[in-house]
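Structural overview
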Amino acid sequence: PVEIVTLRPVAEGLVEKPGFPKIAVGEKPVARQDHRAFFQETGWVTLPIVDRGRLHETDAIAGPSLIVEDGATRVLPPGCSATVDRIGNLHGAIGR
């Protein structure tokens, strides 16, 4: 009798790269509300809370602000910024 303990088949081939859906280019994002926060550099400031789901391609958000979504909150301190690329990624810049 023959017993096969491990069988690991391997396949090779060419596959298409998956496409990412592009997000829409739209109007300036609207802040949901304002929030007060303390930053060591500036003290107490009022900052907008931006809903990430409402951001579009090429939107730019200047700090100080909060970008919120269901699973995360991003804090943009004063002097920092973030932009949105064509598939919805946020790109942060420190001190710009």
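Residues numbered from 1 in each chain as written. Predicted model: local features only at pLDDT ≥ 70, side-chain atom pairs only at ≥ 80, totals over all residues. Heavy atoms only, no water.

1. Regarding the environment of A60
In plain terms, the rule: A run of DSSP states H or I qualifies as a helix once it reaches four residues; a run of E qualifies as a strand once it reaches two. Both are numbered from the N-terminal end. Relative accessibility under 20% of the residue-type maximum defines a buried residue, over 50% an exposed one, and the middle range a partly exposed one, all with a 1.4 Å probe and only protein chains included. Contact between two residues is taken to exist if any of their heavy atoms lie within 4.5 Å; hydrogens are not considered.
Residue placement: A60 occurs in strand β3 (residues 60-62). Taking relative accessible area as the criterion, A60 reaches 58% and is therefore assigned exposed. When sequence neighbours within four positions are dropped, the list of residues in contact with A60 reads A82 and T83.

2. A look at the side chain of S65
Operational definition: For this analysis, a polar contact is any N or O atom pair within 3.5 Å, provided that within protein one partner can donate a hydrogen and the other can accept it, and provided that sequence-adjacent residues contribute only side-chain to side-chain pairs.
Counting through the fold element by element, S65 comes out in strand β4 (residues 65-68). At 3.3 Å, the side chain of S65 and the backbone oxygen of A62 are in polar contact. Apart from the residues lying within four places of it in its own chain, the contact partners of S65 are L47, P48, R74, V75 and L76.

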